[in-house]
Amino acid sequence: MKIRLFHLLLLFMILSITAKGQTGEHMIGLKTAFNLSSMSISNRSEIGQVNTKKNFSLVYTYYHDIWKAIPNAGFQAALSYEEQGYILNEQRYDYTLVKVPLTSQFHLDFWKMRLLINLGCFGGYRCKSVSGFADDDYRLDYGFLAGGGLGLHLKPFEIHLESNYHYSLSYMFDTKRYSQTDLVFTNPYQILLSVALYVHL
């Protein structure tokens, strides 16, 4: 398994060096996503998943080279509205969140396609909850993201299909909610399956 992964990384590096990257490209677009969200929680296993469809983003993308040697780099900044949730003790909790993802998007171009690899971080704020927020709920959200996908390049338009994993380093609520001695750590996470339509500027 490790040897196969090494060979794939080596192949990607060779293609990145030999492939002709498109540099200096600016795009802006709209993204919609299907969100599979839940939460990792210590000392408990009865956590369920919540699926939502109302997830939208306004995205700016800039493809550029690095030191005039690596033509496959890119930067993305987005403003996102997401609906997330989880099921705990057979009760469903839904909330909405405004998020700002900042992503390094590496791309390998071939024919009219792009192979995309995403690595980044995000910050956000949980602005609304169906059941309301308790005093010991944490509303600030931050964490990291990783994923990838494919892009179809039809200048001046571009379509991206992606899958990204978001993991929150912030907790949903205070670790001492249930006990002063038995700490409970609650980290939300999401898998976002998205489609985006961009226009080149």
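These numbers were taken from a predicted model, which means no experiment stands behind them.

Trainee: Help me understand the overall build of the protein in this model?
Mentor: Of regular secondary structure, the protein possesses 1 helix and 10 strands. Within the protein, counting contacts between residues at least 6 apart in sequence, those at least 24 apart form 65% of the total. Put simply, the protein shows about 11400 Å² of open surface, and 67% of that area lies on carbon and sulfur atoms.

Trainee: Any chance you could explain the packing of aromatic side chains here in plain terms?
Mentor: Enumeration over the complete set of coordinates arrives at 5 aromatic pairs. Measuring from ring centre to ring centre gives 6.1 Å for Tyr165 and Tyr189, while their planes differ by 35°; the resulting arrangement is tilted. Of this pair, Tyr165 sits in strand 9 (residues 157-168) while Tyr189 sits in strand 10 (residues 186-200), and the two are 24 residues apart along the sequence. Residue Tyr189 is classed as partly exposed on the basis of its relative accessible area, which comes to 24%. Here the aromatic cluster, defined as three or more aromatic residues joined through ring pairs, consists of Phe144, Tyr165, Tyr167 and Tyr189. Here the guanidinium or amino end of Lys99 rests over the ring plane of Phe122, the centre of that ring lying 4.3 Å away.

Trainee: Just to check I follow, could you spell out the pattern of salt bridges for this structure?
Mentor: Any two side chains of opposite charge can pair if their charged atoms end up close together. If you walk through the whole model with that rule in mind, you get 8 salt bridges. Of the charged contacts in the structure, one is a salt bridge between Asp141 and Arg126, with a shortest N-O distance of 3.1 Å. Here Arg126 lies in strand 7 (residues 113-129) and Asp141 lies in strand 8 (residues 140-154), a separation of 15 residues in the sequence. The residues Asp141 and Arg126 share a single accessibility class, namely buried. A network of salt bridges, in which partner residues are shared, links Glu25, Asp109, Arg114 and Glu158.

Trainee: Just to check I follow, could you spell out the environment of Gly29 for this structure?
Mentor: Of note, Gly29 is situated in strand 1 (residues 25-41). Counting along the chain gives 31 residues from Gly29 to Tyr60, while the straight-line C-alpha distance between them is 6.6 Å. Residues in contact with Gly29, not counting those within four places in the same chain, are Ser57, Leu58, Val59, Leu197 and Tyr198.

Trainee: Mind showing me how you'd approach the pairing of strand 8 here?
Mentor: With 13 bridges joining them, strand 7 and strand 8 adopt antiparallel strand pairing. Residue pairing across strands places Gly123 opposite Tyr142, the latter belonging to strand 8. Strand direction decides the pairing type here: strand 8 and strand 9, joined by 12 bridges, are antiparallel. Counterpart to Gly148 in the pairing with strand 9 is Ser163.

Trainee: Just checking my understanding: could you explain the confidence of the model for the protein for this structure?
Mentor: Atomic detail in the predicted coordinates should be set aside for any region of low pLDDT. Per-residue pLDDT for the protein averages 87, and the proportion of residues at 70 or more is 88%. Within the protein, strand 9 carries the highest mean pLDDT (97), whereas helix 1 (residues 2-18) carries the lowest (51). Contacts of residues 13-21 to residues separated by more than four positions or lying in other chains number 11 contacts, the stretch itself having pLDDT below 50.

Conventions used here
Residues numbered from 1 in each chain as written. Predicted model: local features only at pLDDT ≥ 70, side-chain atom pairs only at ≥ 80, totals over all residues. Heavy atoms only, no water. Helix = DSSP H or I, 4+ residues; strand = E, 2+ residues; numbered from the N terminus. Contact = heavy atoms within 4.5 Å. Areas by Shrake-Rupley, 256 points an atom, 1.4 Å probe, with all protein chains shown as cover. Phe/Tyr/Trp six-rings, centres within 6.5 Å; stacked < 30°, edge-to-face > 60°. Buried < 20%, exposed > 50% of the residue type's maximum accessible area, 1.4 Å probe, protein only. Lys NZ or Arg CZ within 6 Å of the ring centre and 35° of its normal. Salt bridge = Lys/Arg side-chain N within 4 Å of Asp/Glu carboxyl O. Pairing = 2+ DSSP bridges. pLDDT = per-residue confidence, 0-100.

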